[in-house]
Amino acid sequence: MNGWTLAATVGLAGGLGAALWGVATGPLRRRVVAQNLATALACPGMLLLAQGYGRPAYLDVGLVLALLGPVGTLVFARLLSDELAEDPPRAWVATWTVAALGAITVIALCVATGPGRAMAKLLVIGALLIGGNVVASRALSGGFGRVGRG
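Just so it is clear, the structure is predicted and the values come from calculations on it, not from any experiment. (Residues numbered from 1 in each chain as written. Predicted model: local features only at pLDDT ≥ 70, side-chain atom pairs only at ≥ 80, totals over all residues. Heavy atoms only, no water.)

### Some words on the overall build of the protein
Regarding its fold elements, the protein presents six helices and zero strands. Its C-alpha atoms give the protein a radius of gyration of 16 Å, within 12% of the compact-globule value 15 Å for 150 residues. The principal-axis extent of the C-alpha atoms belonging to the protein is close to 45 × 30 × 20 Å. Taken across its 150 residues, the protein has 39% of its residues classed as buried. When contacts within the protein are restricted to residue pairs at least 6 apart in sequence, long-range pairs at least 24 apart make up 75% of them. Carbon and sulfur atoms make up 70% of the accessible area of the protein, which amounts to about 8,200 Å² in all. Looking at the protein, you have 11 positive and 5 negative side-chain charges, and the mean spots of the two groups are 10 Å apart. (Helix = DSSP H or I, 4+ residues; strand = E, 2+ residues; numbered from the N terminus. Rg over C-alpha atoms; globule rule 2.2 N^0.38 Å. Buried < 20%, exposed > 50% of the residue type's maximum accessible area, 1.4 Å probe, protein only. Contact = heavy atoms within 4.5 Å. Areas by Shrake-Rupley, 256 points an atom, 1.4 Å probe, with all protein chains shown as cover. Lys, Arg positive; Asp, Glu negative; His and termini not counted. Charge placed at Lys NZ, Arg CZ, Asp CG, Glu CD.)

### Some thoughts on the pattern of salt bridges
Two side chains of opposite charge can pair, provided their charged atoms sit close to one another. Enumeration over the complete set of coordinates arrives at two salt bridges. One salt bridge connects arginine 29 with aspartate 87, and the closest N-O pair in it is separated by 2.8 Å. With a gap of 58 residues between them, arginine 29 in helix α2 (residues 28-53) and aspartate 87 in the loop between α4 (81-86) and α5 (92-113) connect regions that are remote in the sequence. When its relative accessible area of 28% is taken as the criterion, arginine 29 is described as partly exposed. For aspartate 87, a relative accessible area of 40% gives the class partly exposed. (Salt bridge = Lys/Arg side-chain N within 4 Å of Asp/Glu carboxyl O.)

### Thoughts on the packing of helix α1 (residues 3-24) against α2
At a minimum axis distance of 8 Å, the contact between α1 and α2 shows a crossing angle of 165°. Here α1 lies roughly antiparallel to α2, going by the angle between them. α1 and α2 meet at a crossing whose hand is left-handed. Here the residues of the contact of α1 with α2 are counted per class, giving 15 nonpolar, seven polar and two charged. (Axes fitted to C-alpha atoms, helices over the stretch in contact; angles between N-to-C directions. Parallel < 35°, antiparallel > 145°, perpendicular 65-115°, else oblique. Left-handed = near helix turned anticlockwise from the far one by under 90°. Nonpolar A, V, L, I, M, F, W, Y, C, P; charged D, E, K, R; others polar.)

### With respect to the nonpolar core
Membership of the largest hydrophobic core comes to 26 residues, with the highest contact counts inside it found for Cys43, Leu47, Leu122 and Leu140. Among the secondary structure elements, those contributing two or more residues to this core are α2, α3 (57-79), α5 and α6 (117-140). Among the elements that line this core, the one with the most residues is α2, at 11 residues. Discounting residues that sit within four places of it in the chain, leucine 140 has contacts with Val32, Val33, Asn36, Thr73, Ala77, Leu84 and Pro89. (Core = buried A, V, L, I, M, F, W, Y, C linked by side-chain atoms within 4.5 Å.)

### Structural notes on a nonpolar patch on the surface
Taken together, the side chains of Val64, Leu67, Leu68, Val71, Val75 and Leu79 present a nonpolar region at the surface, about 550 Å² in accessible area. Mapped onto the secondary structure, leucine 79 falls in helix α3. Among the residues examined, leucine 79 registers a relative accessible area of 63% and is labelled exposed. (Patch = residues over 30% accessible without salt bridge, like charges linked within 9 Å, V, L, I, M, F, W, Y side chains within 5 Å.)

### Some thoughts on α6
Compared with an ideal rise of 1.5 Å per residue, which puts 24 residues at 34 Å, α6 spans 34 Å between its outermost C-alpha atoms and is within 8% of the ideal. If you follow the buried residues of α6, they end up packed against α2, α3, α4 and α5. Looking at the residues trailing α6, positive phi occurs at glycine 142, about 85°. (Expected span 1.5 Å × (residues − 1).)

### Let's talk about α1
Counted at 1.5 Å a residue, the expected span for α1 with its 22 residues is 32 Å, and the 31 Å between its end C-alpha atoms agrees. By the N-cap criterion, in which a side-chain oxygen at the helix start approaches the backbone nitrogen of a residue two or three places on, α1 is capped by asparagine 2, the distance to tryptophan 4 being 3.2 Å. At the exit of α1 stands glycine 26, carrying a positive phi of roughly 85°. (Polar contact = N/O pair within 3.5 Å; in protein donor to acceptor, adjacent residues only side chain to side chain.)

Limitation: the analysis is restricted to geometry and does not speak to function.
In structure tokens form, the structure reads like this:
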């Protein structure tokens, strides 16, 4: 086990354990936020595992998670908009903490891989991960209330 796999293990076990607890218990507002944060935590874990095991194919899994995780949260936000409007989630501290974790992970991996195609892919994944997580959290809190409603 090297430092990359250790960091991935700590991040996945701690972060996804807390997110699983949030998804399994509590009110609807906590469950949808935990679902959003689970995908935002799994992506940096896959990126760290890609570096730790020397498997560039794992970056593709991280790319899919960074792209489809927020999309799934946006679907939940749209389908549950009436229920969430009564008691909207407010999880900006958790959102920005997970976004910072993703940014730190991407920066560390960019430094480790050096300039090239892999670094460009990491930067795209990082932008999708952070931007998607922030947009999805904003949608959950009712920030885009007039969008898509007729």
